[in-house]
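Coordinate inspection notes
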Amino acid sequence: MKNISLKRSIFLFYLVFGLLPLGVISYLTMLSYTSTITSLTDQHVSQLLQRVAEQTDSRCYNLFKYLDLMSKFPYVQLSFLQYPHAGQRSTVQEKLELFRINTQSFDRITLYSNQGEVVATAPPCPTVAHITLGRNQVMRAASYSYFHQEDLDHNPPRMLLFKRIYDYRNPNRPVGLVCAEASLKSFLGFTKELALGPGVTKIIFNSKGTKLFEQPPTSNSGTGKLREYTTTLPLLDWQISVRIPEKVLYSDVTRARFNTLAFAALVAAGALIAGLLFSRWVTRPLQTIIEGTRNFATGNLDHRIQVSGGRETRDLAHAFNTMAKQLKERHAELVQAGKLASLGLLSAGFAHEVRNPLAGIKTSAQVLERRARNPSEKALARGISKEVNRLNQLVEDLLHFAQPRPSRRVPCDLAEIVERSLALLSHRIHQKGATVDNRVRRVMVQADPDQMIQVVINLLLNALQAVEPGTGRIRLETIEAQGKKPALKISDNGQGIPKELLGRIFDPFFSVAKEGTGLGLSIVQTLLRQNGARVEVESEEGKGTSFTLIFQTLEQEDKEVVDG
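To start, this report covers the structure provided alongside it. (Residues numbered from 1 in each chain as written. Predicted model: local features only at pLDDT ≥ 70, side-chain atom pairs only at ≥ 80, totals over all residues. Heavy atoms only, no water.)

1. Some points on the packing of helix α12 (residues 449–466) against helix α13 (residues 520–530)
Running from amino to carboxyl end, α12 crosses α13 at an angle of 150°, the nearest separation of the two axes being 9 Å. In terms of orientation, α12 and α13 fall into the roughly antiparallel class. The handedness of the crossing between α12 and α13 is left-handed. The residues of α13 that touch α12, namely those facing Gln451, Met452, Gln454, Val455, Asn458, Leu459 and Asn462, are Gly520, Leu521, Ile523, Val524, Leu527, Leu528 and Gln530. When grouped by side-chain class, the residues that make up the contact of α12 with α13 number 8 nonpolar, 6 polar and no charged. (Axes fitted to C-alpha atoms, helices over the stretch in contact; angles between N-to-C directions. Helix = DSSP H or I, 4+ residues; strand = E, 2+ residues; numbered from the N terminus. Parallel < 35°, antiparallel > 145°, perpendicular 65-115°, else oblique. Left-handed = near helix turned anticlockwise from the far one by under 90°. Contact = heavy atoms within 4.5 Å. Nonpolar A, V, L, I, M, F, W, Y, C, P; charged D, E, K, R; others polar.)

2. Observations concerning the pattern of salt bridges
Under the defined criterion, the tally for this structure stands at 15 salt bridges. Among the salt bridges present, the one from Arg158 reaches Glu181, with a minimum N-O distance of 2.9 Å. Pair noted here: Arg158 is in strand β4 (residues 158–166) and Glu181 is in strand β5 (residues 174–183), with a separation of 23 residues, a long-range link. Comparing Arg158 with Glu181, the two get one shared label, buried. In this structure, Arg243 engages Glu228 in a salt bridge whose closest nitrogen and oxygen atoms are separated by 3.5 Å. In this pair, Arg243 sits in strand β9 (residues 238–245) while Glu228 sits in strand β8 (residues 226–233), placing the two residues 15 residues apart along the sequence. (Salt bridge = Lys/Arg side-chain N within 4 Å of Asp/Glu carboxyl O. Buried < 20%, exposed > 50% of the residue type's maximum accessible area, 1.4 Å probe, protein only.)

3. Here's the deal with the pairing of strand β3 (residues 146–151)
Sheet topology places β3 next to β4; 6 bridges connect them, and they run antiparallel. Considered in β4, the bridge of Glu150 is made with Met159. Hairpin connection, β3 to β4: the antiparallel pair is bridged by 6 residues. (Pairing = 2+ DSSP bridges.)

4. Notes on the sheet that holds strand β15 (residues 534–540)
On the basis of which strands lie adjacent, the open sheet formed by 5 strands has the order β11-β13-β14-β16-β15 and mixed pairing. For this open sheet the edge positions go to β11 (435–439) and β15, each flanked by a neighbour on one side alone. The mean angle between the axes of side-by-side strands here comes to 20°, regardless of whether they run parallel or antiparallel. Both strand β13 (residues 473–481) and strand β14 (residues 485–492) contribute to a ladder of 8 bridges, which runs antiparallel. From the neighbouring strand, Glu480 faces β14, where its bridge partner is Pro486. Against the sheet, helix α10 (residues 414–424) makes contact with β11, β13 and β14, and its axis sits at roughly 165° relative to β11, the strand it touches most.

5. Looking at helix α5 (residues 184–192)
The set of residues buried in α5 consists of Leu184, Phe187, Leu188 and Thr191. Summarising the axial view, the buried residues of α5 lie within an arc of 90°, below the 170-degree limit, and thus occupy one face. N-capping of α5 is provided by Ser183, with a side-chain oxygen placed 3.2 Å from the backbone N of Lys185. (Arc of directions from axis to C-beta. Polar contact = N/O pair within 3.5 Å; in protein donor to acceptor, adjacent residues only side chain to side chain.)

6. Here we look at the packing of aromatic side chains
Following the criterion strictly, the structure yields 7 aromatic pairs and no others. When the centroid spacing of 6.3 Å and the interplanar angle of 85° are considered together, the rings of Tyr66 and Phe99 count as edge-to-face. Here Phe99 lies in helix α3 (residues 89–103) and Tyr66 lies in helix α1 (residues 6–71), a separation of 33 residues in the sequence. Judged by relative accessible area, Tyr66 falls into the partly exposed class, the value being 29%. Among the residues examined, Phe99 registers a relative accessible area of 10% and is labelled buried. Centre to centre, the rings of Phe73 and Tyr75 are 5.5 Å apart; their planes meet at 25°, and the pair counts as stacked. The exposure class of Tyr75 is buried, given its relative accessible area of 17%. For the cation-ring pair, Arg59 lies above Phe187, with the distance from its terminal atom to the ring centre recorded as 5.2 Å. Taking the ring centre of Tyr146 as reference, the NZ or CZ of Lys163 above it sits at 5.1 Å. (Phe/Tyr/Trp six-rings, centres within 6.5 Å; stacked < 30°, edge-to-face > 60°. Lys NZ or Arg CZ within 6 Å of the ring centre and 35° of its normal.)

7. Some thoughts on the sheet that holds β4
Overall, antiparallel pairing links the 5 strands, which are arranged β2-β1-β5-β4-β3 in an open sheet. The open sheet has two free edges, formed respectively by β2 (118–122) and β3, since each of these has just one partner strand. Along the sheet, successive strands turn relative to each other by an average axial angle of 20°, direction set aside. The strands touched by α3 are β1 (108–113) and β2; relative to β2, the strand with the most contacts, the crossing angle is about 40°. Contacting β4 and β5, α5 crosses the sheet at an angle of about 55° to β5.

8. A look at a nonpolar patch on the surface
A grouping of Val24, Tyr27, Leu28 and Leu31 is seen on the molecular surface, where their side chains present a nonpolar patch of about 420 Å² in accessible area. On the secondary structure map, Val24 appears in helix α1. (Patch = residues over 30% accessible without salt bridge, like charges linked within 9 Å, V, L, I, M, F, W, Y side chains within 5 Å. Areas by Shrake-Rupley, 256 points an atom, 1.4 Å probe, with all protein chains shown as cover.)

9. Here we look at unusual backbone geometry
Residue Pro156 is bonded to the preceding Asn155 through a cis peptide linkage, with omega at 0°. With respect to the helices and strands, the residue Pro156 is situated in the loop between β3 and β4. In this chain, Gln215 is followed by Pro216 through a cis amide linkage whose omega measures -10°. Of note in this structure, Gln104 is not a glycine but carries a positive phi near 55°. Its location among the elements puts Gln104 in the loop between α3 and β1. With a phi angle near 60°, Asp237 is a residue other than glycine that sits in the positive phi range. With respect to the helices and strands, Asp237 occurs in the loop between β8 and β9.

10. Quick look at α10
Within the span of α10, buried status applies to Leu414, Ala415, Ile417, Val418, Ser421 and Leu422. Along the axis of α10, the buried positions cluster into a sector of 160°, meaning they face one direction only. The exposed residues of α10 that point more than 90 degrees off its buried face are Ala423 and Leu424. Here α10 starts with a cap whose side-chain oxygen sits 3.2 Å from the backbone nitrogen of Ala415, and that cap is Asp413.

Okay, here's the thing in structure tokens:
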């Protein structure tokens, strides 16, 4: 063995431990696969045939129920007692026609006397010659309480269903028969709809062995060996037969046998060159990782390393991908922070410049309101004051956005923060007619309580704007985010946010609502960052939106301080 080369050793290893077991396993697999397909096909086809038989018999049973119901109608029983005078034959035929139309199950209903003469028929027929029964047919039908017969000579073929009718005064005295005609095609529909694939033949025989239905018609060309499945219909005394060619049944086995042989040949070819490519296969994942790091170095942080090597190389590639993702997120945060800083300076200057003129305008409007002599002037002055108040609110939001006070992080309870926020907004919630489902548990986090109340209030106000009056639902609950971090989830069933706008909702002055300054969510994001928390948003247009606030636990906060 020492003199055998590495290439030949790998070839022998693949041959002994790869090809030979593969051949044995493939042979056993084919046997098991064939047996399984046969068993499953037998079970599946038998269940389908049984279901078709039950459905067909059920249709016949329902028709016989209609016949039984009709045989007990007083006007039907009286028609035989009045026959042959038949003074009310037209009335009886009208009632039979009405019954036929209402049930929508029969093509014709005919009442026969014990001698086979027509008493009444619906729909009315100008001549009764073609619906008169022979004496033998009447005697045969009258010998059963229920009786059916296939009429294959009729065009189109039909089913005749018979029911004996008794004298209402003497239940043991038969006075005639009721015969209902139905298209034979309506009894064959369930079998026709039975789809078992190409090459499958479906046949129905009656109790005499007469073929009632065959699809497709039997051809004279040989079809090879067939597997036949049969079932009987107890009520109709029919037999349904399904014949499946074995070449169709085992087509998957034949295909799998060919694929197995092809695979074995491929493995044999691979065994010959495995030794030459082995070293290359080992180093290829590492080369992929090196090329990926070069992409990261050029600034392409959207690139992702994909390797198919062992667990260690996959873990290494995953670590690099995670690093690139985090670098991209930090870069985006820095860009956003720069934008917010510039906008904050501009907003602070604008707010200070506008605040004093607004105060003068509001004072002047209030003076005008007091001096106004007619309602229209008062309404105009009040409108000016209202708009000034709205501008003042915008100025306040700009100041909060531009110069948020430093956060004072202390241990605080999420349940208490939510309760205080809901109490402050209780009047607005009541005015909106919204339902609030508060499922927040007592969870301690490290944050500024006042700023967190401001965050929750802003998100609740957004939810109240999004939901419909009277039917709005807002749900607050504590969950556990990734990394076992505590989180507060605020969901609503409002109008939702279009997918293309989700990336802009935290931008200043951007709002999907008709009312609002567009600063609420920007302030929320700023305050959360000051408190070491973050926010995630999910929304589906027309179904609602949910914001998830993810906090640091007390232990995580302490660990960051120690590590820092």
